[in-house]
Amino acid sequence: MAEVKILTEFYHLPEYQTLAGYQAKGGYETVPKALKMQAQQIIDEVKASGLRGRGGAGFPTGMKWGFLPKNGEPRYLLCNADEGEPGTFKDRMMMERAPHQLIEGMIISAFAIGSHKGYIYVRGEYVYPIECLNKAIQEAYAAGLLGKNILGSGFDFDLDVYRGAGAYICGEETGMISSLEGLKGQPKLKPPFPAVQGYLRKPTIVNNVETLAAVTYIIRDGAQAYRKNGTEKSSGTKLFSVSGNVVKPGNYEVPLGYPLMNLIMNECGGMKPGRKLKAVIPGGSSAPVLTAEEVAKANMDYESLAGLGTMLGSGAVIVIDDSQCMVDMLGVLTHFYAHESCGQCTPCREGTGWLNKILHAILEGRGRLQDIELLIKVADNMKGKTICALSDAAALPVLSFVNKFREEFEFYVREGRSKVKGTTYAEMHH
Amino acid sequence: MFKLSEQGLAEVKKELARYEAKESAIIPSLYIAQKENSGFVNPSVIHHLSQVMDIPEARINEVFKFYTMFNQKPVGKYHVQVCTNISCALEGSREMAGYICHELGVKYDEVTADGRFTVSKVECLGSCGTAPMMQVNDYYHEKLTPESAMNLLRGMK
Ligand SMILES: Cc1cc2nc3c(=O)[nH]c(=O)nc-3n(C[C@H](O)[C@H](O)[C@H](O)COP(=O)(O)O)c2cc1C
Ligand code: SF4
Ligand code: FES
């Protein structure tokens, strides 16, 4: 087993960015096919494919679409291109290399759910991906692939890009909807779920870039063909963004269920010379960390990782070698979540702040032994109590780092310096 | 007092007509105004936008304060944003950010004496596989070393 390129087959071709280049490789051929199908047939095919959301939660896409009210009420299709989960850089590559692939997936998905208006919500820093998307959307309009009466089918679909402005929480689907509505990007209480009441209180489907792009291939080849890759419950291929201390970091498309160790050792060329694998965060910064022993048992599918107490998340694999201090790395993460909490819920606002304060007290040599228990207690109290999942996302890394690398935390508290680096925080970074 | 240029005003009007909800134009309009106000937003910008858009100042202000890409104080001609989140930190980005500040003789988030640079530490920019990296205004610079980063910056006049 190695890379299986379904979405990324032609990403190496610079011209694939353009309409002509995309069409030369079969691009947009699935649109007329889909527009001749019944909308429900497309939804059924997506259900049968087993496709699960690639944005983080892994929710079955066809089932989500099925939650829409069965009436003619206007509805929206929103593409989540906020990509803020630390370690994740696949959506950016997809929009830069193949903007038309996303547009095609959106046309087909919009037809399936009966939506006539879509937005791609892109994080504000992605100036170049936005430029690529805007150019592609213009080309698609000029070719009659967007707008009124697409390819003479009678189906209308308008697509626009919305540029965010720097806030991780806008990646959470209801935060994104708030932001698109011109509000602070704060998540909303669910239910009602967006499929029932979303953007401007209308039924709304939010899907990740990679999810929407995959829809085209399911309709092109059929659900059974899509299922040839992956496992029973985790079907298809997935893009993994591998970063950190490996020889060849990058985005790799492999079948779900691919052994994590193979991804690191084969695709990524292994660890740097003289270094040993210490830990891996397998699904973006919110996923609990795995020790090297656990990595050897992990397959990159939803079930295998859940069985190891962690998650596939956005598919961001962060590889950590034996030269790294886990106390220091956890400090990076607590800082991030404290910065990104939107502040609506007390356990999250206070909890993320406390975690970061305690951690930095330890890092700066002011830690007490009871602080380690305190970290665990604070994190435990942040779980399952808030409007959105950011609070849990902030708590889980703390619990896993402290529980699995406890002796590093204890050493740091006792000695006021890093066990691995031998130095203090100030010496490490200034 | 801040006032949008004629072109800026036309762009804001276009944004106002672009979305189903008028308030959706707040973020795009803040971008337009920030660009015309030397890279930051102050009360005078909010006041003007409020009048032009016919949206209360408080509504625009809360959006402005929520998002990190709107600067609350002046920045240099080149805003150097170094990602110090986990994947970049694993590859030495914090040391790189410190080195850049040292070489430019400036503290984080302040403007160099010649007005050219502001250096900030920021969260993940989606460039984790090409770490360490920095964003300078709209452009990403990837696979850097402290020295290659400084060489790039020295060339920015
Ligand atoms: C704090 C937080 C941040 C998130 N960030 C993103 C993101 O950047 N991109 C994304 O697609 N989904 C993100 N999600 C997940 C979305 O809420 C949502 O589940 C997803 O966009 C649905 O699309 P999918 O079913 O295709 O995965 C985030 C969730 C949370 C709680
Ligand atoms: S959990 Fe945190 S980020 Fe999510 S809504 Fe509550 S305060 Fe905001
Ligand atoms: S962690 Fe630095 S760009 Fe993602």
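Cut-off values and rules
All chains use their own residue numbering, which begins from 1 and follows the written sequence. Here every chain gets a letter starting at A, and every ligand a number starting at 1, in the order they are written. Only residues with pLDDT of at least 70 are given local features in this predicted model, and only at 80 or more are side-chain atom pairs given and counted; all residues enter the totals for whole chains, interfaces and linings. For side-chain calculations, the full set of non-hydrogen atoms in the structure is used, while hydrogens and water are omitted. Secondary structure counts use DSSP, requiring at least four H or I residues in a row for a helix and at least two E residues in a row for a strand, with both numbered from the N terminus. Residue burial is assigned from relative accessible area. The probe radius is 1.4 Å, only protein chains are included, and a residue is buried under 20% of its type maximum, exposed over 50%, and partly exposed in between. We call two residues in contact when some of their heavy atoms are within 4.5 Å. In this description, buried area is defined as the sum, over both parts, of the accessible area (probe of 1.4 Å) that is lost when the two are combined. By definition here, a salt bridge exists when the distance from a side-chain nitrogen of Lys or Arg to a carboxyl oxygen of Asp or Glu is within 4 Å. Think of a polar contact as two N or O atoms within 3.5 Å of one another; within protein, one of them needs to be a possible hydrogen donor and the other a possible acceptor, and neighboring residues in sequence only count if both atoms come from side chains. Under the scheme applied, nonpolar residues are Ala, Val, Leu, Ile, Met, Phe, Trp, Tyr, Cys and Pro; charged residues are Asp, Glu, Lys and Arg; polar residues are all the others, including Gly. Throughout, the edges of the domains are those of an automatic or database domain assignment. Proximity criterion: a residue is near a molecule or strand once any of its heavy atoms comes within 4 Å of it. All accessibility values rest on the Shrake-Rupley procedure with a 1.4 Å probe; residue burial counts only the protein chains present in the view.

### Some details on the overall build of chain B
Assigned secondary structure in chain B consists of seven helices and four strands. Beginning at the N terminus, the succession of helices and strands in chain B can be written as α-α-α-α-β-α-α-β-β-β-α. For chain B, the spread of C-alpha atoms along the three principal axes comes to 50 × 35 × 25 Å. The buried share of chain B, taken over its 157 residues, is 58%.

### Focus on the interface of chain B and chain A
Counting from both sides, the interface comprises 38 residues of chain B and, opposite them, 58 residues of chain A. Taking both sides of the interface into account, the surface hidden between chain B and chain A amounts to around 3,800 Å²; carbon and sulfur atoms contribute 55%. On the surface where chain B and chain A come into contact, there are four salt bridges. The partner of Glu91 of chain B in a salt bridge is Lys272 of chain A, and the shortest N-O contact between them spans 2.7 Å. Taken together, chain B and chain A are joined by 27 residue pairs in polar contact (both at pLDDT 80 or more). Those elements giving two or more residues to the side of chain B that touches chain A turn out to be α2 (26-36), α4 (57-66), α5 (86-90) and α6 (93-104) of chain B. Looking at the side of chain B that touches chain A, its residues break down into 18 nonpolar, nine polar and eleven charged.

### Some words on the domain arrangement of chain A
Residue and element names in this part refer to chain A. Domain annotation for chain A reports domain 1 (14-227), domain 2 (237-321) and domain 3 (326-429). Once you take the C-alpha centre of each, domain 2 and domain 3 turn out to be 23 Å apart. On the domain 3 side, the residues contacting the eleven residues of domain 2 number 13 residues. Roughly 990 Å² of surface becomes buried between domain 2 and domain 3 when both sides are summed, with 67% attributable to carbon and sulfur atoms. On the domain 2 side of the contact with domain 3, Lys278, Ser285 and Val289 bury the most area, a combined 48% of that side's loss. Scanning the region where domain 2 abuts domain 3 turns up two salt bridges. Across the salt bridge formed by Lys404 and Glu294, the nearest N and O atoms sit 3.0 Å from each other. When residues of the side of domain 2 that touches domain 3 are traced back to their parent elements, those giving at least two are β8 (277-281) and β9 (290-291).

### With respect to the site of ligand 1
All names here are of chain A. Near ligand 1 you find 18 residues, and of these Gly55, Asn80, Asn207, Asn208 and Thr211 are the closest. Measuring from an oxygen atom of ligand 1, one finds a side-chain N or O atom of Asn208 at 2.8 Å. In this structure, an oxygen atom belonging to ligand 1 sits 2.7 Å away from a side-chain N or O atom of Thr211. Contact with the protein chains hides 89% of the accessible area of ligand 1, taken as 610 Å² for the molecule alone. For the shell around ligand 1, the element with the highest residue contribution is strand β4 (residues 204-208), accounting for three residues. Looking at side-chain class alone, the shell around ligand 1 contains four nonpolar, eight polar and six charged residues.

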